[in-house]
Amino acid sequence: MSDREGHSGAGPSDEDLSLPKATVAKMISELLPAEVTCAKETRDLVIECCVEFIHLISSESNEICEQESKKTIAPEHIIGALKRLGFDSFTTEVEDVLKDHKQQQKDREKKADKIKDSGLTPEELMAKQEELFAASRAKFAQPQGQQQQPST
């Protein structure tokens, strides 16, 4: 019997939802001063709070989405949910992160276009990539003191 059997197909139960403990522990340790440690119980409580916060924001965003007769939760719905729930102080940072995300998406598209617009066939691109890999392998195969200086 699999873990999913017995569920009504409505997705995982609240008990199944969590965040990776190692990731949360790393985030906590990066935020705390070096001399401060975090107990496992505290880390687990932080995870539960984060999951509850995500659930709260998702539910409120879904309500806003339904009120607007939309079927997809958009970033604007998340920002609206934060405001409705009294987390106005979070919205500026969320908007900044959204702006950064959109810029990263544009940059990825530009890279994809650059490859597409290069005029090279997929085979030529693959050969070019293999050349670069071979050059890199050769560079790192040389002893430390004998590595060639890049040509200008």
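Per chain, residue numbering runs from 1 following the sequence as it is written. Local features in this predicted model are restricted to residues whose pLDDT is 70 or higher, and side-chain atom pairs enter the listing and the counts only when it is 80 or higher, whereas totals over whole chains, interfaces and linings include all residues. Think of the side-chain values as coming from all heavy atoms in the structure, minus any hydrogens and water.

## Looking at the overall build of the protein chain
Heads up, the rule is: Helix and strand definitions here come from DSSP, where helices need a minimum of 4 consecutive H or I residues and strands a minimum of 2 consecutive E residues; each element is numbered from the N-terminal end. Each residue gets one of three labels from its accessible area relative to the maximum for its type: buried under 20%, exposed over 50%, partly exposed in between, using a 1.4 Å probe on protein chains only.
Of regular secondary structure, the protein chain possesses five helices and zero strands. From first element to last, N terminus to C terminus, the protein chain shows the α and β order α-α-α-α-α. Within the protein chain, the proportion of its 152 residues that are buried is 11%.

## Here's the deal with a negative patch on the surface
Where we set the bar: The patches reported here contain residues having more than 30% relative accessible area and no salt bridge. Joining distances are 9 Å for like charges and 5 Å for nonpolar side chains (Val, Leu, Ile, Met, Phe, Trp, Tyr). Throughout, the Shrake-Rupley method with a 1.4 Å probe supplies accessible areas, and for residues the shown protein chains are the sole cover considered. A pairing counts as a salt bridge when a side-chain nitrogen of Lys or Arg comes within 4 Å of a carboxyl oxygen of Asp or Glu. The convention is simple: Lys and Arg are positive, Asp and Glu are negative, and His and the chain ends are not counted. Positions of charges follow a simple convention, taking NZ of Lys, CZ of Arg, CG of Asp or CD of Glu.
Together, E93, E95, D96 and D100 give the surface a local cluster of negative charge. Considering the arrangement of structural elements, one finds E93 in helix α4 (residues 88-116).

## A look at the state of the cysteines
Convention followed: Disulfides are defined as cysteine sulfur pairs within 2.5 Å.
Across all of its chains, the model carries zero disulfides by this definition. There is no disulfide at C49, and the cysteine sulfur nearest it, in C50, is 7.0 Å away.

## Description of the packing of aromatic side chains
For clarity, the threshold we go by: Each pair of aromatic rings taken from Phe, Tyr and Trp, with Trp reduced to its six-membered ring, is defined by centres within 6.5 Å and is described as stacked if the planes are under 30 degrees apart, edge-to-face if over 60, and tilted in the remaining cases.
If you walk through the whole model with that rule in mind, you get three aromatic pairs. Considering the side-chain rings of F53 and F87, the 5.2 Å spacing of their centres and the 85° angle between planes classify their relative orientation as edge-to-face. Here F53 is found in helix α2 (residues 40-67), whereas its partner F87 is found in the loop between α3 (75-84) and α4, with 34 residues between them in sequence. Residue classification places F87 among the partly exposed residues on the basis of a relative accessible area of 24%. Pairing F53 with F90 gives two aromatic rings, centres 6.1 Å apart and planes at 45°, and the pair type is tilted. With a gap of 37 residues between them, F53 in helix α2 and F90 in helix α4 connect regions that are remote in the sequence. Looking at F53, the relative accessible area reads 30%, which means it is partly exposed. What links up through ring pairs into an aromatic cluster is the set F53, F87 and F90.

## Thoughts on the packing of α2 against α3
To describe two helices that pack against each other, one gives the angle between their axes and the distance between the axes. Rules: Axis lines are fitted through C-alpha atoms, for helices just across the contact stretch, and the angle between N-to-C directions can take any value from 0 to 180 degrees. Any angle between 65 and 115 degrees counts as roughly perpendicular, while under 35 counts as roughly parallel, over 145 as roughly antiparallel, and the rest as oblique. For a crossing to be left-handed, the near helix must be turned anticlockwise from the far one by less than a right angle; the clockwise case is right-handed. Residue contacts are defined here by distance: any two heavy atoms, one from each residue, within 4.5 Å place the two residues in contact.
One way to put it is that α2 packs onto α3 with a least axis distance of 8 Å and a crossing angle of 110°. Of the possible angle classes, the one that applies to α2 and α3 is roughly perpendicular. Read as a crossing pair, α2 and α3 show a hand that is right-handed. Contact residues: F53, I57, E60, S61, E63, I64, C65 and Q67 in α2; H77, I78, G80, A81, L82 and R84 in α3.

## Details of the pattern of salt bridges
With the rule as written, the count across this model stands at three salt bridges. The salt bridge partner of K26 is E30, with a shortest N-O separation of 4.0 Å. Highlighted residues: K26 and E30, both in helix α1 (residues 21-31), separated by four residues, approximately one helical turn. Accessibility expressed as a relative area gives 53% for K26, which makes it exposed. On the accessibility criterion, E30 (57% relative accessible area) is exposed. Linking E60 and R84 is a salt bridge whose minimum nitrogen-to-oxygen distance equals 2.9 Å.

## Observations regarding a nonpolar patch on the surface
Together, F53, I54 and F90 make up a nonpolar patch on the protein surface, roughly 250 Å² of accessible area in all. For I54, the location among the structural elements is in helix α2.

## Some remarks on the confidence of the model for the protein chain
Fine structural detail should not be taken from predicted coordinates in areas where pLDDT scores are low. Inclusion rule: Confidence of the predictor at the level of single residues is given by pLDDT, which spans 0 to 100.
Averaged over all residues, the pLDDT of the protein chain is 85; the fraction at 70 or higher stands at 84%. Here residues 1-8 is a poorly scored stretch, pLDDT under 50, and it has four contacts once near neighbours within four places are set aside; other chains count.

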